[in-house]
Amino acid sequence: MSSDHTRFAPLRAAAVVADADDPLAGCRARFALPDNVIYLDGNSLGAMHRDVPDALADGLGRQWSRDLIGSWNSNGWWRLPAVLGDRIGTLIGAASGQVICGDSTSVQAFQALLGAARLRPDRRLLVIDRGFPTDQYLADSVARLLGLDVIRIEPDGLTDELARRAAVVSFSLVDYRSGELFDAAAITNRVHRGGALMLWDLSHAAGALPVELDAIEADLAIGCTYKYLNGGPGAPAYLYVARRLIGQLDLPLTGWHGHQQPFGLTESYEPAASIERGRIGTPPILSMLALQAGLRGFDEASISQLRRKSLALTARVIEFADEWLTDFGVEVATPRQPERRGSQIALRSPHAYPISQALIARGVIGDFREPDLLRLGFAPLYLSHSDVVQAMTELWQVLDSQDYLDERFQHRLAVT
Ligand SMILES: Cc1ncc(COP(=O)(O)O)c(C=O)c1O
């Protein structure tokens, strides 16, 4: 038995005890994950729920091939964007009728930013975070279209003065690199005190931690469904609009599905009175069927159970890193306070890229983000405490053996 085996034996034993006590332990069986893989990238692409193949087979073999176009009515295709929106709403604290599913997060970011900015025509400023690039690029584009200025800040740097000048403040609830979680209620409150509108990007939060959009009186939110919501590659995104704003919101992408009477086929656009105005064009039904099946993963797990487990998993990683990884120059870049972290841990190292590749070669799948972050996501639906200890043991071995210096781990792939 190797010395590593002995060194980490107490950690493994503690993880076995925690797993035996885990109310969510049974959820993992609902997901198709290879036996020899520890999947720490559910913050980027969630695992596949085992109901997805049957849902797609039904969508193809019965709905499309047999029921054909009648499926828009008989198989509920027309209603899917709203049905899925409501289901997602239950996971982000939104009462029904305020979330619509469809299109990509990038499209929804454009829709929401521009629509919100039109609600404050006397203000000339968009305030955004230095978060995910697509949100920044689209804010710049919206600003060019409307003749606005854009200011980039850290979410904690929002001042009352900026909130008084901004039309819209748009932040990610969880930072995609560091995994830092921001105080949604406090920030929304500050934004409202200044008279601006608040738009949240929930991509790295939904499905992993409590989000209470209605309770904090958020104005708009967007998010993707292929991360913790397990919708599958390219799964459609969603848009939340607070009920009080729906009737006033003048969205820029006025596709026919958002029309009050799509089959009236009139020449001019009249938006639907409901959240259906957030629809654009024909939705990707097959992707929506996969998402619908993926969301069944949440039928047996409450968000508070998921949050409790996620924090326990990430605490285990932080403790391990502090005790075993600092000698290798690896440091935790994620906030240590539970209320300030999402469901991922970012570890900083100048060798983060080859380390991520060496780990993948050992079956521990995380990813790399520029310039020096090894990003490890902990989806509480399908990861165990033992997985975490095993992954950390592998990481220690990669560092101790300097495996990551091997030539084959230096080559940058297109997707990192
Ligand atoms: C915060 C955030 N917004 C948006 C996106 C992606 O947008 P899209 O689904 O359009 O590629 C990501 C992707 O990781 C993200 O992290």
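Residues numbered from 1 in each chain as written. Predicted model: local features only at pLDDT ≥ 70, side-chain atom pairs only at ≥ 80, totals over all residues.

Enquirer: So what's going on with the sheet that holds strand S7 (residues 168-172)? Which residues, and what values?
Expert: Think of a sheet as strands paired side by side through backbone hydrogen bonds, with each pair either parallel or antiparallel. Across the sheet, which stays open at both edges, the seven strands sit in the order S4-S10-S9-S8-S7-S5-S6 with mixed pairing between neighbours. Both edges of this open sheet fall to strand S4 (99-101) and strand S6 (149-153), since each of them pairs with a single strand only. For this sheet the average axis-to-axis angle between neighbouring strands, irrespective of direction, equals 15°. Sheet analysis places strand S5 (residues 125-129) next to S7, joined by three bridges and oriented parallel. Looking at S7, one finds that Ile 128 is bridged to Ser 170. (Pairing = 2+ DSSP bridges. Helix = DSSP H or I, 4+ residues; strand = E, 2+ residues; numbered from the N terminus. Axes fitted to C-alpha atoms, helices over the stretch in contact; angles between N-to-C directions.)

Enquirer: Describe the environment of Arg 118, naming the residues involved and giving the relevant values.
Expert: Among the structural elements, Arg 118 can be located in helix H6 (residues 105-118). In the structure, Arg 118 is positioned 49 residues away from Ala 167 in sequence and 8.4 Å away in space, judged by C-alpha atoms.

Enquirer: So what's going on with the sheet that holds strand S15 (residues 373-377)? Which residues, and what values?
Expert: Sheet architecture is open: four strands sit in the order S11-S12-S15-S14, paired in antiparallel fashion. Pairing within the sheet leaves two strands with one partner each, and these edge strands are strand S11 (331-332) and strand S14 (367-369). Pairing of S14 with S15, which is carried by three bridges, proceeds in the antiparallel orientation. What sits directly across from Phe 368, in S15, is Leu 374. Along the sheet, helix H12 (residues 303-325) makes contact with S11, strand S12 (344-348) and S15, crossing S12 at roughly 15°. (Contact = placed C-beta atoms within 7 Å.)

Enquirer: Quick rundown of the domain arrangement of the protein chain? Include the residues and the values.
Expert: Domain annotation for the protein chain reports domain 1 (3-32 + 302-409) and domain 2 (53-298). Averaged C-alpha coordinates put domain 1 and domain 2 at centres separated by 31 Å. With 23 residues of domain 1 in contact, the opposing surface of domain 2 contributes 14 residues. Those elements giving two or more residues to the side of domain 1 that touches domain 2 turn out to be H12 and S12. Of the residues in the side of domain 1 that touches domain 2, the class split is 12 nonpolar, six polar and five charged. (Domains from an automatic or database assignment. Nonpolar A, V, L, I, M, F, W, Y, C, P; charged D, E, K, R; others polar.)

Enquirer: I'd like a rundown of unusual backbone geometry, residues and numbers included.
Expert: The peptide bond linking Glu 370 to Pro 371 adopts the cis configuration, its omega dihedral lying at -5°. Tracing the sequence through the fold places Pro 371 in the loop between S14 and S15. Phi angles above zero are rare outside glycine, and Leu 68 is one such case at about 45°. Inspection of the secondary structure assignment puts Leu 68 in the loop between helix H3 (52-67) and helix H4 (71-74). If you check the backbone angles, Asp 103 has positive phi at about 60° while not being a glycine. For Asp 103, the location among the structural elements is in the loop between S4 and H6. For Asp 103, a count of 24 C-beta atoms within 10 Å gives the class buried. (Buried ≥ 20, exposed ≤ 12 C-beta atoms within 10 Å, placed from the backbone.)

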